[in-house]
Amino acid sequence: MKKSLIAAAGATLAVAAMPAVAVFAATSSSFVDSLTVTVNGGCTMETSATTTGEYEDRQFSGSLDAGTKIELNGGETQTGPTMTVSCNTSTGTWTVQAVASNGGNLQDTNSHTIAPGVAITGATSGWAIKSNATNATTNPYSAYKAYVVDSGKEYSTFLSGNASGTAATFNPSYQIYASPTQAPATYTGTVTYTIVLGS
């Protein structure tokens, strides 16, 4: 995943390479570099899998028989790294937005699809997401739920919380069910998670 840092409010830090400008004026033998750095307010998602605070894309795969379901990164033995939401400001509300590829479907090279859905039996295949989140104030995917975009938006609100609150964590898992008539193939799709800080 790529890091998203959303600016909200700024704090300015001035650093001089030498003592105050008033002490040394530019001459033929000296000059002063004045450095000004603005640290913007915002939130990031950091993975527990690194020590550098960088993002790490995740890949999950498996196979299943027609008429059965599978969990990817699910159950008690999750293999994917947990993400931690960190904010450097005490104001505003953060939101993790989820965007699924292929119009929300898992798809093979012949355009067969598995649409979002929570069924684990019956004639209709489906795939669903669970957030496995802690300390979020809004958690629509607390249990397996079919991916659906917010009304009038191009994303689904996956989690939200207050910047001033306790740090939230999440580690999404996925449930896929193949109906007895689902075409045999390899189905792929992605979900991109981005954090945004609002007012």
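A brief structural summary.

**A closer look at the nonpolar core**
Right, so step 1: Among the nonpolar cores identified, the biggest contains 28 residues, and Trp94, Val96, Trp127, Ile129, Phe158 and Tyr193 are the most heavily contacted of them.
Right, so step 2: Excluding anything up to four places from it in sequence, Val96 contacts Met45, Val85, Ser156, Thr157, Phe158, Leu159, Phe170, Tyr193, Thr194 and Ile195.

**Side note on the environment of Val96**
Right, so step 1: Relative to the elements of secondary structure, Val96 occurs in strand S6 (residues 93-100).
Right, so step 2: On a C-alpha basis, the gap between Val96 and Thr194 in space is 5.5 Å, while along the polypeptide they are 98 residues apart.

**Here's the deal with the packing of aromatic side chains**
Right, so step 1: Enumeration over the complete set of coordinates arrives at seven aromatic pairs.
Right, so step 2: Each ring, one from Trp127 and one from Tyr147, has its centre 6.3 Å from the other, and the planes form 15°; the classification is stacked. You can see Trp127 sitting in strand S9 (residues 126-130) and its partner Tyr147 sitting in the loop between strand S10 (145-146) and strand S11 (156-162), a full 20 residues away along the chain. Exposure class is identical for Trp127 and Tyr147. Each is buried.
Right, so step 3: Chaining the aromatic ring pairs together yields one cluster made of Phe60, Trp127, Tyr147 and Tyr174.
Right, so step 4: Just above the ring of Tyr141 sits the side chain of Lys145; from NZ or CZ to the centre is 4.9 Å.

The rules behind each value
- Residues numbered from 1 in each chain as written.
- Predicted model: local features only at pLDDT ≥ 70, side-chain atom pairs only at ≥ 80, totals over all residues.
- Heavy atoms only, no water.
- Core = buried A, V, L, I, M, F, W, Y, C linked by side-chain atoms within 4.5 Å.
- Buried < 20%, exposed > 50% of the residue type's maximum accessible area, 1.4 Å probe, protein only.
- Contact = heavy atoms within 4.5 Å.
- Helix = DSSP H or I, 4+ residues; strand = E, 2+ residues; numbered from the N terminus.
- Phe/Tyr/Trp six-rings, centres within 6.5 Å; stacked < 30°, edge-to-face > 60°.
- Lys NZ or Arg CZ within 6 Å of the ring centre and 35° of its normal.

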